[in-house]
Amino acid sequence: MSLSEFQLVRPRTLRDALGSLTEHAGNIRVLAGGTDLLPSMRQKLFEPEHILDLRRIEGLKEIRETEHGIEIGALTTLHEIEHSQVLRQQYPVLVEAAKTVASPLIRHMGTIGGNICLDTRCLWYNQSLAWRKSCGFCIKKDGNLCHVAPGGTKCWAAFSGDTPPALLCLNAAIEIASASVTRRILLRDFYTGEGDNYRRLQPGELVTRIILPHSSSGYRGAYRKLRVRGSIDYPLAGVAVAVKRSNGRIEDIQIGLTAVNPAPVLVEGLKVLLGDGGVDERAAEHAAELAARTAKPLTTSALTPEYRREIIRVFTKRALLATIES
Ligand SMILES: Cc1cc2nc3c(=O)[nH]c(=O)nc-3n(C[C@H](O)[C@H](O)[C@H](O)COP(=O)(O)OP(=O)(O)OC[C@H]3O[C@@H](n4cnc5c(N)ncnc54)[C@H](O)[C@@H]3O)c2cc1C
Ligand code: SF4
């Protein structure tokens, strides 16, 4: 599968990058590490006339402390996140999730911005052009029917990035820049829940930074992931757990899910677990039940929806108990 022809734009500054995005709006794709974009382009899922390569922009590669918390540049690689002392000490659940992405080589190239902006995935979509054509295409690309939920008009492709559920648990915000304005939103407001139009990003916009607030520092955490090949694979179900304790009391529990809905999501209703008593096996089972109900896996991947939902239950209980005991 070859790449179609395109013009490569390689700006050295954010300002130039945003200028090019505006100039070619609608016919340009952003390339960060390229670890997801380039395989997708070979499958002809995207055929832009221009590619905006961000990798020369130095200012977006750092992890730094600010008055708001820790800011991570969108071009920071997953390898750098995995090996950051400050993140390991203050936001361990993010490091745990980053460590599981793909393989060491891909983590050296793949960025946190690319992981957040990752396209949604489906068995009927992540295929070659010839394969998709033989099935009559689908709503997400070139067609008008959904093979997963025939009769409906919605795309259910699953969001399958590993770090966003951890970032949701940490109440992360993102900075989005365009040529005219820079804005900050909570990551939880970035995703639409629609598989084909999965993120709220306008054509001239880039994700430039991720902000981890001071208030989320010190949460203990764990990440558990189901995948076909343990050495290198996207999640087919993933659970991030973050717990805040103070003076032996559990002050907050956050659980984020990935790969079982068109967006990464937080589990709601966990406040009943808070208090002096700690979390015993029964309470962990209650949290696991809430997580399993939040997960809405469909036949978008190689493993059955029933199995993936059950794994969400099992992983939630295990990850929560492991975090409480750590
Ligand atoms: C074999 C293989 C296994 C993989 N396994 C996993 C896995 O286990 N878990 C996982 O999460 N991912 C996995 N991936 C996907 C990918 O490697 C990671 O998600 C990585 O973090 C993507 O980052 P990138 O910088 O390479 O993104 P790119 O490929 O450069 O971009 C991905 C998407 O985000 C957009 N984008 C990138 N940066 C920005 C930005 N700053 N602003 C706006 N849009 C942007 C691009 O236009 C593109 O649509 C795998 C990929 C491969 C090839
Ligand atoms: S969920 Fe349906 S519309 Fe979306 S990619 Fe899969 S088959 Fe296509």
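Each remark here, short or long, concerns the structure printed above.
Keep in mind that this is a model prediction, so the values were computed, not measured.

1. Re empty space enclosed by the protein
Summed over the entire model, instances satisfying the criterion amount to two cavities of 30 Å³ or more. Considering only enclosed or pocket space, the largest cavity measures out at about 90 Å³ in volume. For the largest cavity, the lining is made up of 14 residues, of which Cys122, Cys138, Cys146, Val148 and Cys155 are closest to its centre. In terms of residue class, the lining of the largest cavity is made up of eleven nonpolar, two polar and one charged. Counted as a void, the second largest cavity has a volume near 40 Å³. Taken together, Trp156, Ala158, Val260, Asn261, Pro262, Lys296, Pro297, Leu298, Thr300 and Arg308 make up the full set of residues lining the second largest cavity. Taken together, the residues that form the lining of the second largest cavity break down as six nonpolar, two polar and two charged.

2. Details of the site of ligand 1
Around ligand 1, the structure places 35 residues, and the nearest of them are Val30, Thr35, Thr111, Asp162 and Asp233. Thr35 is positioned with one of its side-chain polar atoms (N or O) 2.5 Å from an oxygen atom of ligand 1. Within the backbone of Leu37, an N or O atom sits 2.8 Å from an oxygen atom of ligand 1. Contact with the protein chains hides 94% of the accessible area of ligand 1, taken as 970 Å² for the molecule alone.

3. Notes on the site of ligand 2
Taken together, the residues surrounding ligand 2 are Cys122, Trp124, Tyr125, Cys138, Ile139, Lys140, Cys146, His147, Val148, Cys155, Trp156 and Ala157. With respect to the pocket detection grid, ligand 2 is positioned in the largest cavity.

4. Focus on the packing of aromatic side chains
Across all of its chains, the model carries three aromatic pairs by this definition. Where Trp124 meets Trp131, the ring centres are 5.9 Å apart and the plane angle is 65 degrees; that geometry is what we call edge-to-face. For Trp131, a relative accessible area of 34% corresponds to the partly exposed category. Relative to Tyr191, the ring of Phe190 lies with its centre 5.2 Å away and its plane at 70 degrees, an arrangement referred to as edge-to-face. Judged by its relative accessible area of 0%, Phe190 is buried. Joined through ring pairs, the aromatic side chains of Phe159, Phe190 and Tyr191 make up one cluster. Here the basic side chain of Lys140 rests over the ring of Tyr125, its NZ or CZ set 4.6 Å away from the ring centre. In this structure, Lys154 is placed above the aromatic ring of Trp156, and the distance from its NZ or CZ to the ring centre is 4.1 Å.

Rules behind the numbers
Residues numbered from 1 in each chain as written. Chains lettered and ligands numbered in written order. Predicted model: local features only at pLDDT ≥ 70, side-chain atom pairs only at ≥ 80, totals over all residues. Heavy atoms only, no water. 1 Å grid on protein atoms, 1.4 Å probe; cavity = no way out; pocket = protein on both sides within 12 Å on 5 of 7 lines; lining within 4 Å. Points joined across faces, edges and corners; volume = space filled by probe spheres on them. Nonpolar A, V, L, I, M, F, W, Y, C, P; charged D, E, K, R; others polar. Near = heavy atom within 4 Å. Polar contact = N/O pair within 3.5 Å; in protein donor to acceptor, adjacent residues only side chain to side chain. Areas by Shrake-Rupley, 256 points an atom, 1.4 Å probe, with all protein chains shown as cover. Sits in = over half its atoms within 2 Å of the grid points. Phe/Tyr/Trp six-rings, centres within 6.5 Å; stacked < 30°, edge-to-face > 60°. Buried < 20%, exposed > 50% of the residue type's maximum accessible area, 1.4 Å probe, protein only. Lys NZ or Arg CZ within 6 Å of the ring centre and 35° of its normal.

In short, geometric facts, not functional conclusions.
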